Every structure is written in C-alpha cells, then in structure tokens.
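# Summary of structural features
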Amino acid sequence: MDSASTTPRVSCIAIVDFSEDVRWLFVTESVTELLGYEPRDIIGRPALELVHPEEFAAIRKLHYDTIRQDKAAVIAYLRLKHKDPFKGYLLCSVSRTVVHNVIVGSISLAVPGPKAFQNASTAQEVIVVTPSATDFEFRRWGDPSPLPPSPLQMIPGITDGLEEPRSDGDKNKPTPPPVLSFKPLPSQSSRSAFILDRFSIHCPVQYCSNDHLLSTTTVMGRSFFDFVVPRSDKIVRSWIDVIKAWGVNERGQPSDGGFGYGKFLLLPKGRDSRTDRMADVSPPSRRRDLTALTSRNHVRSPAPGANGSTRSRLHSSPLSSSNGTTPDQEILVDAIFSGHSDGILVILRATSLR
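Residues numbered from 1 in each chain as written. Predicted model: local features only at pLDDT ≥ 70, side-chain atom pairs only at ≥ 80, totals over all residues. Heavy atoms only, no water.

## Brief notes about the overall build of the protein chain
As a reminder, the rule being used: Each helix corresponds to a stretch of at least 4 residues labelled H or I by DSSP, and each strand to a stretch of at least 2 residues labelled E; elements are numbered beginning at the N terminus. Contact criterion: two residues are considered in contact whenever any of their non-hydrogen atoms come within 4.5 Å of each other. Using a 1.4 Å probe, accessible areas were evaluated by the Shrake-Rupley method; residue-level cover was limited to the displayed protein chains.
Scanning the protein chain for helices and strands turns up 10 helices and 11 strands. Contacts in the protein chain between residues at least 24 apart in sequence constitute 64% of all its contacts with a sequence separation of at least 6. Summed over its atoms, the accessible surface of the protein chain is roughly 19200 Å², and 56% of this surface lies on carbon and sulfur atoms.

Okay, structure coming up:
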C-alpha cells in the first residue's frame with residue numbers, strides 16, 4: 001500500500017504552559033492518530049520530550065520568543081517523536097498563539113500540497129526549524145528578507161581572520177546552539193480561546209481557556225452564537241462556515257485549513273440564538289403568532305423598573321434580542337478562526353469597549 005495513502009491527515013488541538021519544559025495542559029483525541037499517544041499519556045509531561053534532539057535548543061528558544069513577543073497565528077515546522085519507535089520522528093506543522101498565560105495551537109503532519117500552501121499563506125509567520133522542511137516556507141510580497149545583507153561583505157583582507165581557526169577534525173562538525181534556560185514567563189495579552197463543536201450548526205462551546213471575556217461556567221455547552229450580538233450573527237456564521245470548508249483535507253476528512261481573521265461584537269450576557277433565529281426565518285403569519293405568544297407569556301412579568309435585577313438575569317427574548325442590548329453590554333473583539341479535526345478554534349481579544 002502507498003505510504004502516502006496511510007499517512008494521517010488529521011490535526012489535533014493542543015495547549016501548553018509557559019514553562020521552559022513546555023508542559024502539555026490539554027490535547028484533543030486526534031493526537032492518538034497523529035503520534036500514537038493517548039491524551040492521558042502526555043498531559044502534564046514536557047512536550048520537549050517529543051522534540052528531536054537536534055532541534056531541542058531551537059524549539060526551546062522558539063517557545064521563549066513566542067511568549068515574549070506575544071505572537072499569534074504562527075506556524076512552525078519541526079520533528080516530533082511517534083510512540084511507535086519504528087515510525088521515528090515525524091515532520092509536523094505546529095501552529096501557536098499566545099493566549100494570556102498559555103500557548104494554544106494545533107499539530108498536524110506536514111504534507112506537501114495545496115493544504116500546506118493554504119495554511120502557510122494565512123499564517124502571520126512561518127518558522128522552519130527542520131532543515132528538510134524548507135519547501136514549506138512561504139513568504140508574501142512585502143515580507144522582510146529572511147536573510148538581510150551582511151554589514152561586512154566578504155572582501156579579502158577585511159574578513160580574513162574573523163573566525164577562530166578550527167582543527168581539521170572540527171571543520172565538518174556544526175557547533176550546537178546553547179540551550180536556553182528561563183523561569184516561567186509572565187502573562188501576556190488578555191486573549192481567550194474557545195473550542196467549538198464543528199459538527200453542529202449551533203457550534204456549542206466545548207472548551208474555554210479563561211474568564212477574561214466570557215464566564216467559563218456560562219458558555220460551556222451553549223451555542224457560541226449565543227454570545228454574538230444579533231446584528232453580527234450572520235457574518236460570524238458565514239465566517240465559521242468558511243473555516244469548516246477550509247478545514248477539510250484532500251480525502252474529505254475534517255482537518256486543518258489555515259487561519260481566518262475578523263472583528264465582531266461579543267455579547268457577554270448571552271442570548272438564545274436558536275429562538276432568535278427561528279423568529280427571523282419564520283413566515284410572517286408564524287412570526288405574528290410567536291409575537292403574540294411571547295407577549296402573553298410576559299404579561300405577568302414584573303416591569304423592568306419594578307425589579308431591575310430580574311431582567312438582567314434573563315437571556316434576551318425574541319422581541320428584545322435585535323435591539324435590546326446597550327453599547328456598554330457589547331464588546332468589540334478581534335477574532336482568529338481555525339478549523340481542526342476535533343473542533344473549531346476561536347481566539348478572541350477585546351479591541352475596545354462599546
């Protein structure tokens with residue numbers, strides 16, 4: 001059987017900490033198909049245990065630089081060890097985004113083709129650690145040269161003697177880079193990461209990294225669209241549909257598909273997006289019936305002024321969801337979307353309060 005036909009074309013979502021050991025905090029189940037490990041085998045252990053020894057120092061330095069520079073949507077090509085010793089080290093594409101006090105990203109096997117080109121072309125930065133992966137490097141017009149000109153040209157008489165002489169036996173031995181050591185780094189941007197169920201039209205939230213924008217206890221299990229302002233609902237749904245379509249490999253299987261970027265209004269208090277959507281798509285006669293029914297159900301409710309806290313504890317009703325929010329209840333957010341085998345990864349950062 002052709003080895004290419006048996007190569008896993010899936011991607012898993014992974015979260016690691018800020019320590020120099022890069023410890024696994026969370027990983028989705030597709031890691032088993034990719035690298036042979038069950039999630040329970042590696043959670044809590046250093047991710048650097050899987051890195052090729054020749055790339056160990058470079059990956060630790062990459063981890064440090066990613067955190068200190070607060071990077072987002074970065075792809076790195078490196079080798080990771082498979083659990084099966086006969087499979088050795090596999091060339092992988094690893095995406096990385098700093099989310100406050102963790103790094104959130106994905107892992108997939110690096111396979112040449114249109115999918116790799118799409119992933120790299122939508123990333124903010126592509127870093128090639130494994131020398132054999134240089135073909136995966138992708139640069140856009142206007143990107144700075146990866147090899148800036150040397151301040152000293154190789155002119156005889158000027159550059160002679162700049163390097164220390166080596167013995168004949170050392171000429172072919174590359175000097176290993178020093179291994180960086182550092183204490184856990186401080187938190188960075190107040191981003192939040194969410195994993196959504198990609199197989200549901202409602203995209204319920206399956207994971208929330210922190211409470212900076214939305215309360216974990218409030219969002220878990222609810223539709224992501226419950227926390228999107230109604231007037232942003234349509235465009236956000238269209239973005240996620242695009243990401244789902246991108247995140248399909250050549251075999252039609254759910255996989256990775258690059259990054260998408262957007263800006264929309266978040267609704268921290270939430271609403272019932274399913275009811276709102278039903279009201280929007282229902283025929284006029286049905287809409288009038290729904291309006292009448294909703295009005296009758298709220299006849300006995302206390303007036304907003306009678307008990308100010310009553311209304312704040314309720315989700316938006318179909319009648320008030322379209323314009324029932326005030327500017328101070330909405331947050332304008334920047335979003336990064338990416339599709340993976342185990343879900344849709346959404347990373348949000350507040351742009352400004354409205």
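Now that the structure has been shown, the text picks up again.
## Section: the sheet that holds strand β5 (residues 102-109)
The following threshold applies: Two strands are said to pair when DSSP picks up at least two bridges between them. To obtain each axis, a line is fitted to C-alpha atoms, and for helices this fit is confined to the stretch in contact; angles are then taken between N-to-C directions over 0 to 180 degrees.
Taken together, 6 strands build an open sheet; the order of strands is β2-β1-β5-β4-β3-β6 and the sheet is mixed. The open sheet has two edge strands, β2 (24-27) and β6 (125-128), and neither has a second partner. Across the sheet, the mean angle from the axis of one strand to that of its neighbour is 30 degrees, orientation sign disregarded. Across 8 bridges, the pairing between strand β4 (residues 89-99) and β5 is antiparallel. Across the sheet, Ser 95 pairs through a bridge with Ser 106, a residue of β5. Of the strands in this sheet, β1 (11-16), β3 (74-81), β4, β5 and β6 are in contact with helix α4 (residues 56-68), which crosses β4 at around 20 degrees.

## Looking at the nonpolar core
Heads up, the rule is: Residues belong to a common nonpolar core when they are buried Ala, Val, Leu, Ile, Met, Phe, Trp, Tyr or Cys residues joined through side-chain atoms within 4.5 Å. Accessible area is worked out with a 1.4 Å probe on protein chains only. A residue is then buried under 20% of its type maximum, exposed over 50%, and partly exposed in between.
Judged by nonpolar contacts, the single largest core of 35 residues is most densely connected at Trp 24, Leu 35, Leu 80, Cys 92 and Ile 107. Put simply, the parts of the chain that give this core at least two residues each are β1, β2, α2 (31-35), α4, β3, β4 and β5. Contacts of Ile 107, omitting those with residues within four sequence positions, involve Val 10, Ser 11, Cys 12, Ala 14, Trp 24, Leu 34, Leu 80, Cys 92, Ser 93 and Val 94. Counting residues in hydrophobic clusters, the runner-up holds 24 residues, among them Phe 194, Leu 214, Phe 224 and Phe 225.

## Some words on empty space enclosed by the protein
To keep things clear, this is the line we draw: A pocket here means an open set of points on a 1 Å grid, computed over the protein atoms alone, that has protein on both sides within 12 Å along at least five of seven lines. A cavity is instead a set of points where a 1.4 Å probe fits but cannot get out; residues with an atom within 4 Å of a point line either one. Grid points are joined across faces, edges and corners, and a volume is the space filled by probe spheres set on the points. Each residue receives one of three labels: charged for Asp, Glu, Lys and Arg, nonpolar for Ala, Val, Leu, Ile, Met, Phe, Trp, Tyr, Cys and Pro, and polar for the others, Gly being one of them.
Within this structure, the stated rule accounts for 4 cavities of 30 Å³ or more. Volume-wise, the largest cavity comes out at about 260 Å³. Taken together, 21 residues line the largest cavity, and the ones lying closest to its centre are Val 16, Val 22, Ala 47, Val 94 and Arg 96. For the lining of the largest cavity, the elements supplying multiple residues, two or more each, are β1, α4, β3, β4 and β5. When the residues that make up the lining of the largest cavity are grouped by side-chain class, the tally is 16 nonpolar, 4 polar and 1 charged.

## Some remarks on the side chain of Thr 130
Checked against the element boundaries, Thr 130 lands in the loop between β6 and β7 (191-196). We classify Thr 130 as buried; its relative accessible area is 2%. Those residues in contact with Thr 130 that lie beyond four places of it in its chain are Glu 55, Tyr 77, Leu 78, Arg 79 and Leu 91.

## Some remarks on the pattern of salt bridges
Convention followed: Every case where a carboxyl oxygen of Asp or Glu lies within 4 Å of a side-chain nitrogen of Lys or Arg is listed as a salt bridge.
The full count for this structure, using the stated rule, is 16 salt bridges. Notably, a salt bridge pairs Asp 21 with Arg 23, separated by 3.7 Å at the nearest N-O pair. Exposure remark for Arg 23: the relative accessible area of 31% places this residue in the partly exposed category. When salt bridges that share partners are traced, they join Glu 20, Asp 21, Arg 23 and Arg 60 into one network.

## Brief notes about the packing of aromatic side chains
The relative placement of two aromatic rings is captured by the distance of their centres and the angle of their planes. The test is simple: Working definition: rings of Phe, Tyr and Trp (its six-membered ring) pair if their centres are within 6.5 Å, and the pair is stacked with planes under 30 degrees apart, edge-to-face with planes over 60 apart, and tilted otherwise.
Using the criterion set out here, one finds 5 aromatic pairs in the structure. When the ring of Phe 224 is compared with that of Phe 225, the centres are 6.3 Å apart and the planes differ by 70 degrees; the resulting orientation is edge-to-face. Take Phe 224: its relative accessible area is 1%, and that puts it in the buried class. Taken together, a centroid distance of 6.0 Å and an interplanar angle of 55 degrees make the contact between Trp 239 and Phe 337 tilted.

## Description of the pairing of β4
Within a regular beta strand, the side chains point alternately toward one face of the sheet and then the other, so they alternate between its two faces. Across the 11 residues that make up β4, a large majority, 9, are buried. Judged from the 8 bridges that link them, β3 and β4 form a sheet pairing that is antiparallel. For Arg 79, the partnering residue across the bridge sits in β4 and is Leu 91.

## Section: helix α7 (residues 230-246)
This is how it is decided: Every helix has an expected span of 1.5 Å times one less than the residues it contains.
For α7, with 17 residues, the first-to-last C-alpha span of 25 Å sits near the 24 Å given by 1.5 Å per residue. All of the buried residues along α7 are Pro 230, Ser 232, Asp 233, Val 236, Arg 237, Ile 240, Ile 243 and Lys 244.

## Here's the deal with unusual backbone geometry
Positive phi outside glycine occurs at Asp 70, with the angle close to 55 degrees. Position of Asp 70 relative to the elements: it lies in the loop between α4 and β3.

## Concerning the confidence of the model for the protein chain
Threshold: The predictor attaches a confidence to each residue, and that confidence, scored 0 to 100, is pLDDT.
For the protein chain, per-residue confidence averages 78 on the pLDDT scale, and residues scoring 70 or more make up 68% of the total. The lowest-confidence element of the protein chain is helix α10 (residues 308-312), averaging 35 in pLDDT; the highest-confidence one is β7, averaging 97. Across residues 284-323, confidence stays below pLDDT 50; counting only partners more than four residues off in sequence or on other chains, it has 31 contacts.

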